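What follows is each chain in one-letter form.
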Amino acid sequence: QVQLVESGGGLVQPGGSLRLSCAASRTIFSFDVMGWYRQAPGNERELVAEIILGGNTHYADSVKGRFTISRDNAKNTVLLQMNSLKPEDTAVYYCNALSSGTNYWGKGTLVTVSS
């Protein structure tokens, strides 16, 4: 059973930064894609950023230039560095991993951007 555990969420002021971590229970190279999604109250879950096995990355237009997804291979962890945060970034952020057609999800971590 694959487990994904997120950490790093919290309360931050507009313009601030946070770094989210997603620790996987097995090597991250066993996943075809790993990514971060978010869901704000009343909204559908949406893709924020993803990193493909070969290293290519994709971002939602709303976060391009502000967020960076990366891997820490030694720790089997995927990171999301979030800079210049805006109130509209407030949401529960979920880690996702795709392997052989199966999606795995973490339980989420709350990010609140407010003054």
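That block above? That's the structure.
Quick look at the structure, then. (Residues numbered from 1 in each chain as written. Predicted model: local features only at pLDDT ≥ 70, side-chain atom pairs only at ≥ 80, totals over all residues. Heavy atoms only, no water.)

This part is about the state of the cysteines. Under the definition given, this model contains one disulfide. Disulfide pairing is shown between Cys-22 and Cys-95; the S-S distance is 2.0 Å. Since a negative S-S torsion denotes a left-handed disulfide, the Cys-22-Cys-95 link at about -80° is left-handed. Taken as a pair, Cys-22 in strand S3 (residues 18-24) and Cys-95 in strand S9 (residues 91-99) lie far apart in primary sequence, 73 residues in all. For the pair shown, Cys-22 and Cys-95 are each scored as buried. (Disulfide = S-S within 2.5 Å. Helix = DSSP H or I, 4+ residues; strand = E, 2+ residues; numbered from the N terminus. Buried < 20%, exposed > 50% of the residue type's maximum accessible area, 1.4 Å probe, protein only.)

Although it is not a glycine, Asn-76 sits at a positive phi angle of roughly 50°. Tracing the chain through its elements places Asn-76 in the loop between strand S7 (67-72) and strand S8 (77-82). One non-glycine residue with positive phi stands out, namely Ser-84, at about 50°. Mapped onto the elements, Ser-84 comes out in the loop between S8 and S9. Residue classification places Ser-84 among the partly exposed residues on the basis of a relative accessible area of 41%.

Here we take up the packing of aromatic side chains. In total, this model carries two aromatic pairs according to the counting rule given. Residues Tyr-37 and Trp-105 carry aromatic rings whose centres are separated by 5.0 Å and whose planes lie at 70° to one another, so their mutual orientation is edge-to-face. Residue Tyr-37 is found in strand S4 (residues 33-39), and its partner Trp-105 is found in strand S10 (residues 102-105); the two are separated by 68 residues along the sequence. The positively charged end of Arg-45 is found above the aromatic ring belonging to Tyr-94, 3.7 Å away from the centroid. It is Arg-45 that lies over the ring of Trp-105; its NZ or CZ is 4.6 Å from the centre. (Phe/Tyr/Trp six-rings, centres within 6.5 Å; stacked < 30°, edge-to-face > 60°. Lys NZ or Arg CZ within 6 Å of the ring centre and 35° of its normal.)

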